[in-house]
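The primary structure of each chain is shown beneath.
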Amino acid sequence: MRKEQNMKKKITALLLAAVMMVAAFMGCGKAEGKAEEPKETGKAPIDVNIMALKGPTAMGLVEMMENSDYNFSIAASVDEVSPKLLQGGTDIAAIPANLASVLYNKTEGDIQVLAINTLGVLYIVENGETIQSAADLKGKTIYASGKGATPEYALNYILSSNGINPETDVTIEWKSEHSECVAALASQENAVAMLPQPFVTTAQTKNPEIRTALDLTKEWDALQEGEEKKSSMITGVVVVRKEFAEENPEEIQEFLKEYHTSVDYVNENVTDAAQLIEKYDIVPAAVVEKALPACNIVCIDGEEMEEKLSGYLEVLKAQNPQAVGGEVPNHDFYYIQ
């Protein structure tokens, strides 16, 4: 009897052990299954190549550079960006506003604008107190760089709209480098120059006597108050290859969502953003902290983008059609959904 009882106890113990092993095994299987479930990361699900130019047009992207899986590269010149964009080496790029129009016309519509990313960054500065309004520029010598590009067209528009003939009422000394304009400011009393941010801040750091006299973006906006179709001074935009946008609409929507977040972060967290901007070798942090509020970093898309940008391109075309590639682009130039 004792042997039979012992045998029954052994069999019962073995059965209980077996049941526990099965339960444990099934439990492990469930845990492993949970571990393998994909997590929501907010990252780009496909490889997206993005290029940006050093300077303000790249600044609004830095939060994305730090926290997303997009493939970013920073270029020193548009000559590096345009071929990559046209040949498919990059999908999205931050470039000058008028260049976007030129590339659209050159490719017969293969480039689209996703957003305006930088409004005007041009300022009139002086070593003195003589310029209080645009009208005060009459009779002055203005040192500037950017002849044949948007700085020239923007300055001409501001002058002519204020009753100043750019060819006869002022003397514009065109320089090849911003540093030459700063040198003229330092060497001549009451000298006046047109400079972009963040170079204005760089110059003021070296010479505290340099005063910001006019914000040309505000001057432009003041001229637009009575216009039925309003435009804005625009420095940079973000463009996409049309083929890429058509094949990846969800990725484009996600990019724009993240880009809005990135621009908000940069504008609301200047000190931290300045560190990231320096980290990605765009502009030194010490300069960015002072210059960022004046760099007009934005993310404007949709119908507002089209209204502001189309008006701006019309102003450029009126001065020189080649500045926009011959014609102001049609409605399909703007990515709107």
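For clarity, every value in this text was computed on a predicted model and none was experimentally measured.

Rules used throughout
- Residues numbered from 1 in each chain as written.
- Predicted model: local features only at pLDDT ≥ 70, side-chain atom pairs only at ≥ 80, totals over all residues.
- Heavy atoms only, no water.
- Helix = DSSP H or I, 4+ residues; strand = E, 2+ residues; numbered from the N terminus.
- Contact = heavy atoms within 4.5 Å.
- Buried < 20%, exposed > 50% of the residue type's maximum accessible area, 1.4 Å probe, protein only.
- Pairing = 2+ DSSP bridges.
- Salt bridge = Lys/Arg side-chain N within 4 Å of Asp/Glu carboxyl O.
- Axes fitted to C-alpha atoms, helices over the stretch in contact; angles between N-to-C directions.
- Core = buried A, V, L, I, M, F, W, Y, C linked by side-chain atoms within 4.5 Å.
- Expected span 1.5 Å × (residues − 1).
- pLDDT = per-residue confidence, 0-100.
- Polar contact = N/O pair within 3.5 Å; in protein donor to acceptor, adjacent residues only side chain to side chain.

Asker: Would you mind going over the side chain of Thr118 with me for this structure?
Answerer: Position of Thr118 among the secondary structure elements: in strand S4 (residues 111-119). Contact partners of Thr118, with chain neighbours within four places excluded, come to Pro56, Thr57, Ile234, Thr235, Gly236, Cys295, Asn296, Ile297 and Val298.

Asker: Teacher, can you tell me more about the pairing of S4 here?
Answerer: Side chains on a regular strand alternate between the two faces of the sheet. With nine of nine residues buried, S4 is to be regarded as a mostly interior element. Bridge analysis of S4 against strand S10 (residues 234-241) gives seven bridges, and the strand direction is antiparallel. Residue pairing in the sheet places Ala115 in a bridge with Val238 of S10. Pairing between S4 and strand S11 (residues 297-300): two bridges, direction antiparallel. Within S11, the position partnered with Thr118 by the bridge is Ile297.

Asker: So what exactly am I meant to see when it comes to the pattern of salt bridges here?
Answerer: Working definition: two side chains of opposite charge can pair if their charged atoms are close together. Tallying each qualifying case throughout the model produces nine salt bridges. A salt bridge links Arg211 to Glu126; the nearest nitrogen and oxygen atoms lie 2.5 Å apart. Residue Arg211 is found in strand S9 (residues 211-215), and its partner Glu126 is found in strand S5 (residues 122-126); the two are separated by 85 residues along the sequence. Residues participating in the shared-partner salt-bridge network are Asp91, Arg241 and Glu243.

Asker: Would you explain the pairing of S10 in this entry?
Answerer: Among the eight residues of S10, seven are classified as buried, and the element is accordingly described as predominantly covered. Two elements, strand S3 (residues 92-96) and S10, share five bridges in a ladder whose sense is antiparallel. Residue Ile95 lies in a different strand from S10, and its bridge partner there is Val237.

Asker: What is the right way to read the sheet that holds strand S6 (residues 141-145) from this model?
Answerer: Consider a sheet: its strands pair through backbone hydrogen bonds, and that pairing is either parallel or antiparallel. Ordered by their spatial adjacency, five strands build an open sheet running S7-S6-S8-S5-S9, and the pairing between neighbours is mixed. One side of each edge strand has no neighbouring strand; the edge strands of this open sheet are strand S7 (171-175) and S9. When the angles between neighbouring strand axes are averaged without regard to direction, this sheet yields 30 degrees. Lying on the sheet, helix H9 (residues 216-223) is in contact with S5, strand S8 (192-196) and S9; it crosses S9 at an angle near 25 degrees.

Asker: Explain the nonpolar core here, please?
Answerer: The tendency in soluble globular proteins is for nonpolar side chains to be buried as a group. Counting residues in hydrophobic clusters, the biggest one holds 55 residues, and the most contacted among them are Val237 and Leu309. Of all hydrophobic cores here, the second largest spans 39 residues; its members include Val62, Ala245, Ala273 and Val287.

Asker: How do you make sense of the environment of Asn269 when you look at a structure like this?
Answerer: One can find Asn269 in the loop between helix H11 (249-268) and helix H12 (270-279). When its relative accessible area of 28% is taken as the criterion, Asn269 is described as partly exposed.

Asker: In this structure, what is going on with H11? I would like to understand it.
Answerer: An α-helix turns once per 3.6 residues; consequently, residues spaced three or four apart project the same way. Its 20 residues place the ends of H11 29 Å apart at the C-alpha level, agreeing with the 28 Å of an ideal helix rising 1.5 Å per residue. Within H11, burial applies to Glu251, Ile252, Phe255, Leu256, Glu258, Tyr259, Ser262, Val263 and Val266.

Asker: Would you mind going over the confidence of the model for the protein chain with me for this structure?
Answerer: Predicted coordinates in areas of low pLDDT are best not read in detail. Mean pLDDT over the protein chain stands at 86; residues scoring 70 or higher make up 87%. Contacts from residues 1-41, a stretch scored under 50 in pLDDT, to residues over four places away or in other chains number zero contacts.

Asker: Is there a simple way to think about the side chain of Thr107 in this case?
Answerer: Tracing the chain through its elements places Thr107 in the loop between helix H5 (97-106) and S4. There is a polar contact of 3.4 Å between the side chain of Thr107 and the backbone oxygen of Tyr104. Within the local environment of Thr107, its side chain forms a polar contact with the backbone nitrogen of Asp110, the two atoms lying 3.1 Å apart.

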